[in-house]
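# Geometric and topological summary
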Amino acid sequence: MCHPDTYVNKVLVGSEGGGMQLWNWRTGEMLYGFKGWGVPIRALASSPALDVVGVGLADGRAVVHNIRYDEEVVSFANAAGTGLAANQLLGGGAGTAAARGGVGGGACTALSFRTGAGLPLMAAGGGGGVVTVWHLEERRLHTVIRDAHDGQLLSLHFFPGEPLLMSSAADNAVKHWVFDSADAMPRLLRFRAGHGAPPTLIRHYGENGLRLLSAGCDRSFRVFSVHQDQQSRELSQGHIARKAKKLRVRQEDLKLERVVDMDACEVRERDWANVITAHEGDPAAYSWRLVNFSRGDHVLEPPLEELSGCPAAAVTSVALSRCGNFGVVGSASGRLDRYNMQSGIHRGAFYCPDDAAKGQAGGGAAATQQQKAKRNAHNGAVVGCAVDGSNRRLVSVGFDGVLRVWDFRTQSLAAEVALGSPATRLTLHPVSGLAAVALTDASLRLYDIEVPRLVRRFRGHSDRVTGLHISADSRWLLSSAMDGTMSVWDIPAAQCLQVMKLGSPVTSLSLSPSLDLLATTHVNRRGIYLWSNQALFGDPAAIPHSTAVVPVARIALPTISDGRNTRERCTAEDGDDSEGEEVEVDHEDEDGVSSEDEDAEMRDVAAEAEAAEAVEGREGGADAGRSKPYELRDPVSGAPLPLAPELVTLSLLPRSHWDSLTRIEVIKARNKPLQPPKKPEAAPFFLPTLPGLSVNPIFAAAEGQQGADPGAREAADEDMEDAEEAEAGPGSRVVRLTRRDGRKANGAEAVSGPVSPFVHQLRLAAAAAEAAAKAGGGDCGSSSVVDCYGPVISMLRQMTPTVIDRELRAMQILEGSRDEQSEVRDLGALLDMLSASLEARRDFELCQALLNVVLTQQGDVLSARPELGPRLQRLRGLVATSWRRLDSLMQHVRCMVGFLGNLQA
């Protein structure tokens, strides 16, 4: 489907039958049906030329068609780069891969036209992952981008007016190609890529867990950044591309096999290899240098003399010491070897003593078999091994159902525990020494390796356990299984906290050291999913502690390339069947797996979520009538009322309201214009004056008033002033001074300055509070006194920080002025209002911000006024009392945290 340029409300639709139709989507009418080509249409693209579109066909052709006259302009054969001529057209590994075809076979699945200056080019691609570029004027092949992608092309897009081509394919990669050379040949500019096949193993790396190490079925080993995707990349396995081109094979055929186990330590990251991996069916373990994003220099495999003529078995588990100096490798034959990570030299193996070896041999007749059994740490594959934080103990479990604890320095057996069932997973908390083991019966066991003894046993999974992880604080045990659930177990309380169903079964999981993000990989999912910890970012009280499954639906991202209906997908995932319509979608998901099962699963998950919400709603119906915190407010000021007399109540204003008040100077300096104000273009206004020799100007009187009597002239002046006041309006900056008796004053009379509504309301509140204090026996902190300042608090809550700052600056005491005493009384009333609010513990943070501004602006004036001394002493006592309570609570919490931290250490 595509929208041709200048065709308003019209779209072109291609069909599987090879036909093409023009529809008016607004009226829902088909306007024209084109002849077609007899093969399915796989791609449609609009060209910069009017009435011309590009059509990609299933037989690999790319057709440029004129829809105005229904005529074919030009046709390019094998535009997808696949088919019988693929090897001859491309050659090398790209031709071999293209000849094999992809999901789309030889179809042309993507088209795009270049716009702007430069050569008129058309890019096409198909199932082989090859991009062919065609010259439209000369009607020939311009160039071929070899090995552009390792999967079927999903979309191609030329940026308007720029020589940039963006391509995306089924290999989970997006690439930018730039045509900036003189001959318009493309080169790779930048790219972003993920796993081409579902990842199966993931680990957090680093102290803060800001990076993720992942490996998948595409044989790649990648590092992802949680914060910046620009730092994500694939670790190099050598010159794979050069070798593949020389041998004419795919690059995947030369990579190492799929990673089955890995371990990393950042202590020696800049010194030598600090990552070790085990690969499927490979008898050697490999080291990696994460600082160089490449494979290390050493391959860890036991010497031939250690094998006693037996073939080396595949490596099944690996571990690194916490110091980063040693690596431990376990194999399918039961061997457990130690290597030096700096030199790659074999530093011995862990052997069982004679009595343990005899028990493993089971009384076999041949003495040679008993001798061979002595050399094995386990009588079966080693499924897990780990080293504690002090390099004292090494713990290993095998398929023989035995957990063994080894002395890491002497390589001798320290203790062993029979598990009763073959083990499948092992994880160790290096600080506490707790080892979690998953068995084949889907049960979980927790052992203390220092004793060793069983400390916890958990049951709840109904299928094979696929992931196991202990949190950094050793309080939670996370486990996932093939039954599609992930469980969180409380280790100290020995109970299940929550069971979540994340849709597709989890294949691997890892919780960050800071406990904020959980990373998971899923079956048939090429993405790595990050889940936020509700205990940190949400309300911990809202987490239900039960063994009931809590469905968690994944967010469905919108997609265009595969032609899915986003609305239908959202309806299916949300379980919204209110309209009674059945949504039948026959397509494949991003991994080539049919999504019908996925949609059915997501509908079930959504239905379970709705049922759980309905149950919670019925249970919470009884509490619906209860009042919520801070639901009752003061009817005058609008401030929240205290829950209890001794509790401090905040104003619940936005943080920017009171925090900006204390930083108003910084905000003004930051918002100060860089350029000075410009002078107005119009000439300034001049008052008319009378001609004469006097230095002082004599203004001309208004016409019609020179011969009038003084009484009539005064009445006319008052009428003119009233008219000017009416014109000025309430927002005018024209100030009319008045006498104390309320009459307008002339320039010879003593006048008082204008009073703002805030100061006027503050004076009224101070008079009412003084009367209420006298009626209450002199108690200035009573509720009646606090209520008197309600209108003032209401005005402050509605003012902006800039207006509040201007009002407080205007309340300055001018020494020697006639209004000096009234200004002192106004400032004292403001201090009384702050004292009453702090004593009543209302609007606590707002009053603290106001007090900060008042002391910063007028601290010198307040200290020089002895009549304000008692008010300042009272304020000081109230602030000190509040701080002592807060400091006591903070010190108590600090001591408790330090005490618990010392116990944990």
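Refer to the structure printed above.
Overview of the structure. (Residues numbered from 1 in each chain as written. Predicted model: local features only at pLDDT ≥ 70, side-chain atom pairs only at ≥ 80, totals over all residues. Heavy atoms only, no water.)

## Section: the packing of aromatic side chains
Taken as a whole, this structure holds eight aromatic pairs when the rule is applied. With a centroid separation of 5.6 Å and 45° between ring planes, the pair formed by F158 and F179 is classed as tilted. Here F179 lies in the loop between strand 14 (173-178) and strand 15 (187-193) and F158 lies in strand 12 (residues 153-158), a separation of 21 residues in the sequence. The exposure class of F179 is buried, given its relative accessible area of 3%. Seen in terms of ring centroids, F326 and F408 are 5.8 Å apart; in terms of plane orientation they differ by 75°. Their pairing is edge-to-face. Here F326 is found in strand 25 (residues 326-331), whereas its partner F408 is found in the loop between strand 30 (402-407) and strand 31 (412-418), with 82 residues between them in sequence. On the basis of relative accessible area, F326 is assigned to the partly exposed category, the value being 23%. Accessibility expressed as a relative area gives 3% for F408, which makes it buried. (Phe/Tyr/Trp six-rings, centres within 6.5 Å; stacked < 30°, edge-to-face > 60°. Helix = DSSP H or I, 4+ residues; strand = E, 2+ residues; numbered from the N terminus. Buried < 20%, exposed > 50% of the residue type's maximum accessible area, 1.4 Å probe, protein only.)

## Things to note about the sheet that holds strand 39 (residues 495-501)
Pairing is mixed in the open sheet, where five strands are placed in the order 36-37-38-39-43. With partners counted over all chains shown, the strands left at the sheet margins are strand 36 (465-470) and strand 43 (549-551), one partner each. The average undirected angle you get between the axes of adjacent strands in this sheet is 20°. Pairing geometry for strand 36 and strand 37 (residues 476-481), over five bridges, is antiparallel. What sits directly across from I470, in strand 37, is L477. (Pairing = 2+ DSSP bridges. Axes fitted to C-alpha atoms, helices over the stretch in contact; angles between N-to-C directions.)

## A few points about the side chain of D388
Relative to the helices and strands, D388 is located in the loop between strand 28 (382-387) and strand 29 (393-398). Despite being buried, D388 has no salt bridge partner; R392 is the closest side chain of opposite charge, sitting 4.5 Å away. (Lys, Arg positive; Asp, Glu negative; His and termini not counted. Salt bridge = Lys/Arg side-chain N within 4 Å of Asp/Glu carboxyl O.)

## Here we look at the nonpolar core
With 45 residues, the main nonpolar core has L796, L830, M833 and L850 as its most contacted residues. The set of elements that each furnish at least two residues to this core consists of helix 10 (655-662), helix 13 (757-775), helix 14 (783-788), helix 15 (790-798), helix 16 (801-810), helix 17 (820-840), helix 18 (844-863) and helix 19 (869-904). Setting aside residues up to four positions removed in sequence, L830 forms contacts with L762, L808, M811 and V854. Formed by 16 residues, the second largest nonpolar core is a distinct cluster that contains V223, L256, V259 and W288. (Core = buried A, V, L, I, M, F, W, Y, C linked by side-chain atoms within 4.5 Å. Contact = heavy atoms within 4.5 Å.)

## Looking at the sheet that holds strand 17 (residues 211-216)
Taken in spatial order, the four strands make up an open sheet running 16-17-18-19, and their pairing is antiparallel. Of all the strands in the sheet, the pair left with one neighbour each is strand 16 (199-205) and strand 19 (233-234). The pairing of strand 17 with strand 18 (residues 221-225) spans five bridges and is classified as antiparallel. Bridged to L213 within strand 18 is V223.

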